[in-house]
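What the coordinates show
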Amino acid sequence: MSNAVQVLHTVKEVRDWHAAQRLANKTIGFVPTMGALHSGHLNLVQQASAECGSVIVSIFVNPAQFAPHEDLDQYPRTLDSDLARLTEFAQTTADQAFAVFAPSVSEMYPRGITTHRDQQKGTFVEVLGLSEMLEGGTRPHFFRGVATVVSKLFHITMPDKAFFGQKDVQQCCVLRAMVRDLHFPIELCIGATVRDPEDGLALSSRNAYLTGEQRRRAPAFYRGLCLAKEKFDSGVLDRDELIGTVIKEAATQDLEIEYISLSDPDTLEEVDR
């Protein structure tokens, strides 16, 4: 039996779908995305399909995690091709319910939303102590926007399991803390980073922004990580040597590094060894 993908646009439609899945005694897996789907997203959908009786994927470009100077307007929006990819995948599975939640901005933010944080009105979620570090240092708005929209999506979809990619490792740390602190009855499942098989660049929707020359240079950072891992596996524990290995390899392609960290995987606090 081939499966169709139900496309839902309102909270009520999602809750009606959810009630039908519960009535059929199906577990629900949730994969939140901003669309422009690639193999990394589909890997998470596949994981959700393997572990749950029903799968719902959200496609929503969340304004709250963009600053005024960032790429909200330019972010790729490819809903038709995204739905085609998900439909193709759904048709390869057994009798399983698939849905896509593609809400409007007004559905997600009934009071409106602006990228100017000081002008925003309404309810927001912050995970203090983890959101200010690393990427949060250069994008202080970002994890507040992520935590807010994910908490909304959790309340709307009410899944048993939610699937995220390890590529966004700080996001995973922030969301683990949010789930624990707010007592969400949801299991977070973290899928491995999916990389280009040729050169190891992590798959990302924003890779579409790269020029051919930038795309050629970008994998140098991953090569640096691999070299540092080789040293670590051979017994090198010194922070400066491991970080220096990454910086040295990135410099071969004149890559600019916003931040680089050697930190505890739970607290994100910097470690010396």
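The paragraphs below set out a description of the structure included in this document. (Residues numbered from 1 in each chain as written. Predicted model: local features only at pLDDT ≥ 70, side-chain atom pairs only at ≥ 80, totals over all residues. Heavy atoms only, no water.)

Size it by volume and the second largest pocket reaches roughly 190 Å³. What lines the second largest pocket is a set of 14 residues, and nearest its centre among them are Ile59, Phe60, Val61, Arg77 and Pro103. Partitioning the lining of the second largest pocket into residue classes produces ten nonpolar, two polar and two charged. (1 Å grid on protein atoms, 1.4 Å probe; cavity = no way out; pocket = protein on both sides within 12 Å on 5 of 7 lines; lining within 4 Å. Points joined across faces, edges and corners; volume = space filled by probe spheres on them. Nonpolar A, V, L, I, M, F, W, Y, C, P; charged D, E, K, R; others polar.)

Let's shift gears to the pairing of strand β6 (residues 187-191). The pairing of strand β5 (residues 161-165) with β6 spans five bridges and is parallel. By the bridge assignment for β6, Ala162 is matched with Leu188. Between β5 and its parallel partner β6, the chain crosses via helix α7 (residues 169-181), and the hand of that crossover is right-handed. (Pairing = 2+ DSSP bridges. Helix = DSSP H or I, 4+ residues; strand = E, 2+ residues; numbered from the N terminus. Right-handed = clockwise from strand over helix to strand, strands pointing away.)

Of note, Thr157 is situated in helix α6 (residues 142-157). Not counting residues up to four positions away in its chain, the partners in contact with Thr157 are Val14, His18, Phe30 and Ile56. (Contact = heavy atoms within 4.5 Å.)

The next thing to look at is the environment of Ala48. When you line up the elements, Ala48 lands in helix α2 (residues 39-51). With a relative accessible area of 0%, Ala48 lands in the buried category. Taking the C-alpha atoms as reference, Ala48 lies 17 Å from Cys172; in sequence the two are 124 residues apart. The residues touching Ala48, leaving out its near neighbours within four places in the chain, are Val31, Val55 and Phe163. (Buried < 20%, exposed > 50% of the residue type's maximum accessible area, 1.4 Å probe, protein only.)

Closest axis-to-axis distance for the α2/helix α3 (residues 79-90) pair is 11 Å, and the angle between their directions is 35°. Relative to α3, α2 is oriented so that their crossing is right-handed. Facing Ser39, Leu42, Val45, Gln46 and Ser49 of α2, the residues of α3 in contact are Arg85, Leu86 and Phe89. Among the residues making up the contact of α2 with α3, the classes are represented as four nonpolar, three polar and one charged. (Axes fitted to C-alpha atoms, helices over the stretch in contact; angles between N-to-C directions. Left-handed = near helix turned anticlockwise from the far one by under 90°.)

Read across the open sheet, the six strands follow the order β1-β4-β3-β2-β5-β6; overall the sheet is parallel. The open sheet has two edge strands with one neighbour each: β1 (5-8) and β6. The average undirected angle you get between the axes of adjacent strands in this sheet is 25°. Bridge analysis of strand β2 (residues 28-33) against β5 gives two bridges, and the strand direction is parallel. Within β5, the position partnered with Phe30 by the bridge is Ala162.

Successive side chains on a regular strand alternate, one facing one side of the sheet and the next facing the other. Strand β3 (residues 54-59) sits mainly inside the fold: six of its six residues count as buried. The pairing of β2 with β3 spans six bridges and is parallel. Along β3, the bridge assignment pairs Val31 with Val57. Taken together, β2, α2 and β3 form a β-α-β motif whose crossover is right-handed. Since β3 and strand β4 (residues 97-101) lie parallel, the crossover through α3 that links them has a hand, and here it is right-handed.

Let us look at the packing of helix α1 (residues 11-23) against α6. Where α1 meets α6, the closest approach of the two axes is 8 Å, and the angle between their N-to-C directions is 50°. On the basis of the axis angle, α1 is oblique to α6. In this structure, α1 contributes Val11, Val14, Arg15 and His18 to the contact, and α6 contributes His155, Ile156 and Thr157. For the contact of α1 with α6, the class distribution of residues is three nonpolar, three polar and one charged. (Parallel < 35°, antiparallel > 145°, perpendicular 65-115°, else oblique.)

Distances and angles like these do not, on their own, reveal function.
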